[in-house]
Amino acid sequence: MKLSELVKNIDYEIVCGDIDIEVNDITNDSRKVKEGMLYFAIPGATVDGAYFIPEVIRKGAAVVITEKNEHKLEAILQDDMTVNGQFEEIKSEKTTILRVDSARYAMGIISSEFYGNPSKELTVIGITGTKGKTTTSYMIENMMELAGVRTGLIGTIEIYDGKNSLPAANTTPESITIHKAMRDMVKNEIECVVMEVSSQGLMLDRVAGVDFDYGIFTNLSPDHIGPHEHKDYEDYKACKKKLFSLCKKAIYNIDDPEAEYMMDGSTAFPLTFGENEDADYCAAGHRLFIEDGIMGIEFDIEGTLEGTIKVALPGEFSIHNSLAALVVADCLGVSFDEIKRILSEIRVRGRVEMIPISDKFTLMIDYAHNGMALESLLLAIKEYNPKRIVTLFGCGGNRAASRRYEMGEVSGKYSDFSIITSDNPRNEDPQAIIDDIKIGMAKTDGEYIDIIDRKEAIRYAIMNAKEGDVIILAGKGHEDYQEIKGKKYHMDERDLIREVLEEEDETQICGYNNRYFA
């Protein structure tokens, strides 16, 4: 593609070279540069990509996009001991160098052009907020798929393009990755994509060039404040708000105190949801239920739609997550009857995911892997008045010991019984991690047992379950591996549960009714 076409929607200054040249690929990784490629010299938190400009020129880069002016580029070249001569000699090379105000913003716009503006061919749904982005994104993805709309994902867990699922490095990937993934989605006949949009992604222009049809605001509280992140809460809020200047329709959780701030000044068409009676989609009179080992919540919806919604996920937080999915589905023409059916069946992998193996007790898998998340989950489960809450959990190695103390204290305080086990010990001794967890547990009167082997811990939980129990396998969630000594070994808790059921006498399991693995 001609460089002149790639840069037609950005402001730039030609430092040297000609824009009437061909570009055969793009990258912001100097190690991947080959002849004829365009290189984005991105200023990073620890390394400035501009310092690799001499290297990429030697590799035959056709174009360099940088924020550095000619004076600063000359200084970089003088510091590079492998460069013979000065900047005037480099200018005689075939490489075109363009200066822009923001290399990251330019990377997003150029990436979109290079891949043929794929977001314009998709219905793009962006979700931002402090909590609930992942759960909400999967609920919307499940909703749309069950409604017959092929849907892709870009988020914390994975990038799914309709054929392949790749592990995600960041909640919101770099713009090159986003636009390439969207082009692959179009090729794979995906119609809709649900995308988690982080504050970092907005701050660093990772979503530049993305044509958002919908933006969703879940909630906001202080987070990601510190070095290389946000200087304060006001900066964090302002970055989140950017999404609502990029989308056509904005969907807000009106119950959150920051919703008004998010709505102020937005040019997007607003829609609201929540338990507030002023919401366009209002949830009223919620009721908790447990049926055949499945915990859920039921509520009446008023306003734009009217009827009763039943969600097969526990906790009041499931109201807001399901409402966000409901609003999107309604906007995209899914019938209300279909919406109700789908919400009554919906599952989100690793997020309060029910594993229905018994009519007498509830078994669930959840990603809660720190004190705050675990406390929120346990308090939500307590509202159902279970006979016992049994929490099985561990903590990751090579992480702050304070997290272990916190999780031990939270489980000891809110669980009736805790099973402490291993969870990604990495380079640490699993027993040493468990001993740290016990320090937090000792601050409470909570009863517990420690079983290092996670499968055996799960076996103990199932074989000792009592009628009315809620058993929570916390910490792993969607993960299907155990990280030990620098290696990841396959370990999916769903497989472990199945193996335990196959190995044990099923008649000894309280209320056994294997619907999940049948």
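Scroll up for the structure.
We now turn to the structure provided with this report. (Residues numbered from 1 in each chain as written. Predicted model: local features only at pLDDT ≥ 70, side-chain atom pairs only at ≥ 80, totals over all residues. Heavy atoms only, no water.)

In terms of residue burial, strand β22 (residues 469–474) counts as a mostly covered element, since six of its six residues are buried. Judged by which residues are buried, β22 turns out to be covered on both faces: Asp469, Ile471 and Leu473 on one side and Val470, Ile472 and Ala474 on the other are all buried. As judged from the five bridges shared by strand β18 (residues 362–366) and β22, these two strands associate in the parallel manner. Within β22, the residue paired with Met364 across the bridge is Ile472. (Buried < 20%, exposed > 50% of the residue type's maximum accessible area, 1.4 Å probe, protein only. Helix = DSSP H or I, 4+ residues; strand = E, 2+ residues; numbered from the N terminus. Pairing = 2+ DSSP bridges.)

One simple way to see leftover space: roll a probe sized like a water molecule over the atoms. Quantified by volume, the second largest pocket comes out at close to 1,000 Å³. Asn28, Asp29, Lys32, Glu174 and Thr177 are, among the 41 residues lining the second largest pocket, the residues nearest its centre. Elements supplying a minimum of two residues to the lining of the second largest pocket: β2 (25–27), β3 (37–40), β9 (165–167), α7 (175–187) and α8 (199–203). By residue number, the principal contributor to the lining of the second largest pocket is α7, which donates five residues. Across the lining of the second largest pocket, the residue classes break down as 20 nonpolar, 10 polar and 11 charged. (1 Å grid on protein atoms, 1.4 Å probe; cavity = no way out; pocket = protein on both sides within 12 Å on 5 of 7 lines; lining within 4 Å. Points joined across faces, edges and corners; volume = space filled by probe spheres on them. Nonpolar A, V, L, I, M, F, W, Y, C, P; charged D, E, K, R; others polar.)

The next point concerns helix α11 (residues 317–331). Between its first and last C-alpha atoms α11 spans 22 Å; for 15 residues at 1.5 Å apiece the expected length is 21 Å, and the two agree. In terms of residue burial, α11 counts as a mostly covered element, since 12 of its 15 residues are buried. Buried residues of α11: Ser318, Ile319, His320, Asn321, Ser322, Leu323, Ala324, Ala325, Leu326, Val327, Val328 and Ala329, and no others. The first or second residue beyond α11 is Gly333, which carries a positive phi of 90 degrees. (Expected span 1.5 Å × (residues − 1).)

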